[in-house]
Structure formats: C-alpha cells, structure tokens
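Each chain, written out:
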Amino acid sequence: MQMARSVIKTVRSTNEEEIHEMMALWPSIVHDITESISLNIPDVTLWMKKVLQYNVPNGKKVRSLALIYAYKSLASDDQLTEDNVRLVRILAWCIELLQAYLLIIDDIQDRSLFRRGQPCWYRHNDIGLIAINDGLMLEQAMFYIIRKHFNTKECYINILETFQDVIYKTLMGQCLDLLSSNFDKKPNVDFFTLDRYNSIVEYKTSYYTFILPVTAAIHLVGIKDPEMFRQTKLILLDMGRLFQAQDDYLACYGDYEAFGKDNTDIQEGKCTWLVVTALDRATSEQRKILRECYGFSDPEKVRRVKQLFIDMNLPNIYLTYEEQTYNLLIGRIRQMSCELLRNLFLDLLEEIYHRKS
C-alpha cells in the first residue's frame, strides 16, 4: 500500500506539471480555432471564444492527461522531443474539446443544472438550445485542430479514425442510456440488468475515457502490434466499468464541491450501478418501492430511493466492489506480456483508485 501511495503521489505531481503546460498552450488552441472562422462573421468568432472559454479549459483533464502520460510511457527516448510533446498536448486539447462537446449535449438531455461547479452551458445566461449548435461547433473545431496539426503525420489517418470511431461508439452508448431511461416516461426498472448496464458503460464511458487516449498514444509512437491493441482494449474496458461505477456512487454519495455536478440519476431514471445492484438484491417489497419511486422528480420519491439504498447497505457494498475490482484488475494487468503496457495500466489504475471526484 505504501508503494501504491508513492505511485499516486508521483502521477499527481506529474499531472499538475502537465496541466500547467497544457494551460500555457490553451491561447494557441483558441487562436487556431477562431482564426479558422470566416472574417466575414465576427459575431461567430466572438461567440466561439465564449463557448470555448466557458466549457473547455476547466475540467479535471482525466482523459487528456492519460494521453500525455501514455505517450511518455510508451515513446522511445528519441521520440520525446519538444515538438513531439507539444503535438501530444495539442491532441490532448482535442480530447478536452470532445469532452466539452459531449457534456454540453448530455447536460441538455439530462436536464442537469450544474457542471464543474457552475451552471451548465445551456443554462448560462439562459442560452437555451443554441447550446446544441455550440456543442457541434466544438466537435468540428476538434477535427479542425487534428487536421491542422497532424495531416502530414504518418499516424494522421489512424488518429482521425480513432476519434471518429470513439465518438460513434459514445453516441451509441448515450442512445442506449436514454432508451433505458425511457425518454422522460416512467422507466421499467425490470430492464435494468447488469448486462444492459455493462453495455451502456462500455460504449458511453470506456471508449472515450480510456481506450481513446491510450490508443491515440499507441498510434502516435507508431506501434503496429495487433496484440498490444487487443490487450489494451480488454483491460481498459474493465477499467472503464470501474470508473463509471465510481461516478455513479460519487454522484449520489460524493462531495458536491469535489464532484462539481448535481445528481439527477434517480430523477432521470438512469440505469446506474446503484440501482442495478439494488435490484439484484431487492426483496419483492424493495423492488416495489423502486418501481413506484425510481425515475420521478418528486423529492419524497427521490428520498425514498436514497433511503432504500442506505437500508440495503449499498455504500459499503460499493466499497467492497471497488476493492475487489481493483484487485482483479491488478492481477490481470500483471499477467500481461507487454511490460510497457503493464506499467502504464498499473499507474492509470492507481490514479483512479479511491478517487473522490
């Protein structure tokens, strides 16, 4: 455990340095994007600056930092040039643009109130549904940056296709998530099975949170070995499941100041780790309460669901689940044949273990 704490301290220190370096590059990213907008429409340029500044630079940068850390772990000494590392940080900002695009749309669909400790973009100054177009502009700005900085690189097509494929899969995961909550109607909680939950997590979370940054790093260093890609996908899909279960738990029981967003999972009837685990263990009476109360905005019904989770000891069950999943992943990672990936994944796992935000 002492070694684990040492690894976490080292990674977090590196993260702080990288965030500083990324933020130093941010004005250049804004300049590139706004410069691409026609000079004949200055109103759009001004608006885009507002969209970028409000939505992009202030996240935790979990995914972009994973890309940078993965690249530095996998690259050879002669690849770790100042120019190459700068390009990796530019691609990291592309991941942040992707994240902002997805969150803007997700907040509208979930009718969330707060994100990163401030009103969701669609609620900021009553912006409303123009935020949908803003999200789409961020997506296209991301592709513009990739094209501008990588189109002469050997890895360009692989990077482009990786981003496109992950976005497609993430949108499919979002679709399954929305279908499961039954579009503002009363959800049928009997459909909330572990298989359905795992499918939502795989497509909505695992691909863009873990597979995207690590796969992009593998392409950037020029690795072609199909076995490395196969092992990467298998481990990171499971790491994504742990990450989403943590999100589901923290949304309900975490510190709002640390988590930075309001929890509407119960009101929206989301298929989360908490409700799936509750249904798997529920008595007929407890299942009846969930059928009657889950997926409603009535504060009393929300309170009854939260109390049921407490009565079923879900917080402690979650802590056991997190510990067991962590240990299983440690064992699987240590059995990997590729030492570079093994060390990288152990560090990534330690970074999310027992996270609070």
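Nothing here was measured: the structure is a model prediction, and the numbers come from that model. (Residues numbered from 1 in each chain as written. Predicted model: local features only at pLDDT ≥ 70, side-chain atom pairs only at ≥ 80, totals over all residues. Heavy atoms only, no water.)

**Topic: the overall build of the protein chain**
(1) Moving on: Helices and strands together make up the secondary structure of the protein chain, namely 15 helices and 2 strands.
(2) Moving on: Taken against the 2.2 N^0.38 rule, which gives 21 Å for 357 residues, the C-alpha radius of gyration of the protein chain at 21 Å falls within 12% of a compact globule.
(3) Moving on: Expressed as lengths along the three principal axes of its C-alpha atoms, the size of the protein chain is roughly 65 × 55 × 30 Å.
(4) Moving on: In the protein chain, which comprises 357 residues, the proportion classed as buried is 53%.
(5) Moving on: A separation threshold of at least 6 residues defines the contact pool for the protein chain, and within that pool the share at least 24 residues apart is 77%.
(6) Moving on: Within the protein chain, the 48 negative side-chain charges are centred at a point lying 3 Å from the centre of the 42 positive side-chain charges. (Helix = DSSP H or I, 4+ residues; strand = E, 2+ residues; numbered from the N terminus. Rg over C-alpha atoms; globule rule 2.2 N^0.38 Å. Buried < 20%, exposed > 50% of the residue type's maximum accessible area, 1.4 Å probe, protein only. Contact = heavy atoms within 4.5 Å. Lys, Arg positive; Asp, Glu negative; His and termini not counted. Charge placed at Lys NZ, Arg CZ, Asp CG, Glu CD.)

**What to know about the domain arrangement of the protein chain**
(1) Moving on: Examined at the domain level, the protein chain breaks down into domain 1 (1–153) and domain 2 (154–356).
(2) Moving on: Listed by partner, the interface residues are 44 residues for domain 1 and 39 residues for domain 2.
(3) Moving on: Summed over both sides, the interface of domain 1 with domain 2 buries roughly 3900 Å², with 65% coming from carbon and sulfur.
(4) Moving on: Applying the counting rule to domain 1 against domain 2 returns 3 salt bridges.
(5) Moving on: Ionic pairing is found between Lys 204 and Asp 106, a salt bridge with its closest N-O pair at 3.5 Å.
(6) Moving on: Top element by residues in the side of domain 1 that touches domain 2 is helix H4 (residues 82–110). It accounts for 11 residues.
(7) Moving on: Among the residues making up the side of domain 1 that touches domain 2, the classes are represented as 25 nonpolar, 9 polar and 10 charged. (Domains from an automatic or database assignment. Buried area = accessible area lost by both parts, 1.4 Å probe. Salt bridge = Lys/Arg side-chain N within 4 Å of Asp/Glu carboxyl O. Nonpolar A, V, L, I, M, F, W, Y, C, P; charged D, E, K, R; others polar.)

**Regarding the nonpolar core**
(1) Moving on: The biggest cluster of nonpolar side chains holds 88 residues, and the ones touching the most others in it are Leu 91, Leu 138, Ile 146, Phe 163, Met 239 and Phe 345.
(2) Moving on: Looking at this core, the element that brings in the most residues is H4, giving 16 residues.
(3) Moving on: In terms of domain composition, this core takes at least three residues from each of domain 1 (1–153) and domain 2 (154–356).
(4) Moving on: Excluding anything up to four places from it in sequence, Leu 138 contacts Met 48, Val 51, Leu 52, Asn 55, Val 56, Leu 97, Ala 100, Tyr 101 and Ile 104.
(5) Moving on: With 30 residues, the next largest nonpolar core counts Ile 200, Trp 273, Ala 278 and Leu 308 among its residues. (Core = buried A, V, L, I, M, F, W, Y, C linked by side-chain atoms within 4.5 Å.)

**So, a nonpolar patch on the surface**
(1) Moving on: Nonpolar side chains collect at one region of the surface, where Leu 129, Ile 132 and Leu 136 lie side by side and expose about 270 Å² of accessible area between them.
(2) Moving on: You can see Leu 129 is positioned in the loop between strand E2 (118–119) and helix H5 (130–150).
(3) Moving on: What makes Leu 129 exposed here is its relative accessible area of 60%. (Patch = residues over 30% accessible without salt bridge, like charges linked within 9 Å, V, L, I, M, F, W, Y side chains within 5 Å. Areas by Shrake-Rupley, 256 points an atom, 1.4 Å probe, with all protein chains shown as cover.)

**Some words on the pattern of salt bridges**
(1) Moving on: Per the stated rule, a full pass over the model turns up 20 salt bridges.
(2) Moving on: Between Asp 238 and Arg 332 there is a salt bridge, and its shortest N-O distance comes to 2.1 Å. Linking Asp 238 in helix H8 (residues 226–253) with Arg 332 in helix H14 (residues 314–334), this pair joins segments that are 94 residues apart in sequence.
(3) Moving on: For Asp 238, a relative accessible area of 22% corresponds to the partly exposed category.
(4) Moving on: Here Arg 332 falls in the partly exposed class, since its relative accessible area comes to 32%.
(5) Moving on: The salt bridge involving Glu 300 is made with Arg 303; its shortest N-O contact spans 2.8 Å. Pair noted here: Glu 300 and Arg 303 are both in helix H13 (residues 299–311), with a separation of 3 residues, about one helical turn.
(6) Moving on: Since its relative accessible area comes to 40%, Glu 300 is described here as partly exposed.
(7) Moving on: Several salt bridges converge on common partners, so that one network encompasses Asp 106, Asp 107, Asp 110, Arg 115, Asp 177, Lys 204 and Lys 270.

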